[in-house]
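Spelled out, the chains give:
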Amino acid sequence: MTKLPAPLRLAQRSLKVALPLVLLVLAASFFVDEPLRRSIERRMNDRLPGYDVRLPKLRVHVFSFSIALEGLTVRQKAHPEPPVLHIERLTTSIHWRALLSARLVADVLLVRPRVDMDLVQLREEVKDGVPVNERGWQEALQEVTLLKIDLFRVEDGTVTYVDADAARPIRLTSLRIRANDIRNVKSKPDVYPSPIHAEATLFGSGRGTLDGHANFLAEPYPGFRALFRLDAVPLDALSLPVRSH
């Protein structure tokens, strides 16, 4: 029998040791997924009274130290259709660049989130009497990770609001948001430590951009200092309909 070269024998022995470990880790992550899914779904529901949160699928990716939530949906209990929020995929992982500042914080990415609200749901929100800053949306988002969120990103989002005239919705598409240094990891103490950039298509043909800084941890409301620009937005989309008496 031909004897394998030393490097190949070493690789063969390493594979025999590594393969069972890999299989063990994969099996362990499989049994972690469902308990963690139920836990996150329950905690988010606790944070959002008046709303129903459903998380059908969660995957723990051990080797990349990340978690992927798929199909996260939030409905207003009084008026469940349409869902006020649906996120195709939400991933949370370690913000690796923040480690250079010796801080262990999270990177959260929302892929194709969709926000829908109509006038009936908005009136219910007002009637509920709970101020927006006390509703618990920030706390519900924080439930997806054990780490404090420092980098927040949105890719290909959609926001739609339907007022009394269903034929004239306010609609943003291709929404992209990037907010960094939310936990003030890199910046010196500042009123607005977090650089933020957002852009979206408005009413199908217009363009909106926002650039500036924010303080997402300010109380009672987050603070912003930014410039907002609109380009090529159709004026008829912004005009109010004339109502007959």
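Throughout this document, residue positions are counted from 1 along each chain, in the order its sequence is written. In keeping with the predicted nature of the model, local features appear solely for residues at pLDDT of at least 70, side-chain atom pairs appear and are counted solely at 80 or more, and the whole-chain, interface and lining totals rest on all residues. To get the side-chain values, all heavy atoms of the structure are used, and hydrogens and water are removed first.

### Structural notes on the nonpolar core
Spelled out, the test is: Among buried residues, the Ala, Val, Leu, Ile, Met, Phe, Trp, Tyr and Cys ones that are joined through side-chain atoms within 4.5 Å form a nonpolar core. Only protein chains enter the accessibility calculation, which uses a 1.4 Å probe. A residue is then buried if its area is under 20% of the maximum for its type, exposed if over 50%, and partly exposed in between. In DSSP terms, a helix is any run of H or I states spanning at least four residues, a strand is any run of E spanning at least two, and both are numbered starting from the N terminus. Here, residues are in contact when the closest pair of their heavy atoms is within 4.5 Å.
One finds Met 44, Leu 58, Leu 69, Leu 72, Val 74, Leu 90 and Leu 110 to be the most contacted residues of the largest nonpolar core, which totals 28 residues. Taken together, the elements giving at least two residues each to this core come down to helix 1 (6-47), strand 1 (51-54), strand 2 (57-61), strand 3 (66-76), strand 4 (85-94), strand 5 (106-118) and strand 6 (149-162). Residue contributions to this core peak at 4 residues, all from strand 3. Those residues in contact with Val 74 that sit more than four places away from it in its chain are Leu 48, Tyr 51, Asp 52, Val 53, Pro 83, Val 84, Leu 85 and Trp 137.

### Points about the pattern of salt bridges
How we decide: Only one rule defines a salt bridge in this text: a Lys or Arg side-chain nitrogen within 4 Å of an Asp or Glu carboxyl oxygen.
With the rule as written, the count across this model stands at 16 salt bridges. One salt bridge connects Arg 38 with Glu 34, and the closest N-O pair in it is separated by 3.3 Å. Residue Arg 38 and its partner Glu 34 are located together in helix 1, separated by 4 residues, close to a single helical turn. Given the relative accessible area of 43%, Arg 38 is considered partly exposed. Here Glu 34 falls in the partly exposed class, since its relative accessible area comes to 35%.

### Observations regarding the confidence of the model for the protein
Rules: pLDDT expresses, on a scale from 0 to 100, how confident the predictor is about each individual residue.
Mean pLDDT over the protein: 80, with 76% of residues reaching 70 or higher. Looking over the protein, one finds the lowest element-wise mean pLDDT in helix 1, namely 64, and the highest in strand 1, namely 95. The model gives residues 14-28 a pLDDT under 50, and that stretch makes 5 contacts with residues more than four places away or in other chains.

### Thoughts on the pairing of strand 7 (residues 170-179)
The condition is simple: Pairing between two strands requires that DSSP report at least two bridges joining them.
Where strand 6 meets strand 7, 7 bridges bridge the pair, whose relative direction is antiparallel. Within strand 7, the residue paired with Val 159 across the bridge is Leu 172. Summarising the sheet, strand 7 and strand 8 (residues 194-202) pair through 6 bridges and their orientation is antiparallel. Residue pairing in the sheet places Arg 178 in a bridge with His 197 of strand 8.

### Description of the environment of Ser 194
Structurally, Ser 194 can be placed in strand 8. As for Ser 194 and Asp 150, which are separated by 44 residues in sequence, their C-alpha atoms are 9.1 Å apart. When neighbours within four sequence positions are excluded, Ser 194 is seen to be in contact with Asn 180, Asp 181, Ile 182, Gly 212, His 213, Ala 214 and Phe 216.

### A few points about unusual backbone geometry
Omega for the peptide link from Glu 81 to Pro 82 comes to -5°, which places this bond in the cis form. Here Pro 82 lies in the loop between strand 3 and strand 4. Positive phi values are uncommon outside glycine, yet Phe 203 reaches one of about 55°. Turning to its location among the elements, Phe 203 is positioned in the loop between strand 8 and strand 9 (206-215). For Phe 203, a relative accessible area of 22% corresponds to the partly exposed category.

### Quick look at the environment of Val 159
Mapping Val 159 onto the fold places it in strand 6. The class of Val 159 is partly exposed, set by a relative accessible area of 27%. With near-sequence residues (within four places) excluded, Val 159 lies in contact with Val 115, Ile 170, Arg 171, Leu 172 and Leu 175.

### Side note on the side chain of Thr 160
Convention followed: In the analysis that follows, any N or O atom pair within 3.5 Å is treated as a polar contact, provided that within protein one partner can donate a hydrogen and the other can accept it, and provided that, for residues neighboring in sequence, both atoms belong to side chains.
Along the chain, Thr 160 turns up in strand 6. You can call Thr 160 buried: its relative accessible area is 9%. At 2.8 Å, the side chain of Thr 160 forms a polar contact with the side chain of Arg 171. Excluding its chain neighbours within four sequence positions, the residues that come into contact with Thr 160 are Val 115, Asp 116, Met 117, Pro 169, Ile 170 and Arg 171.

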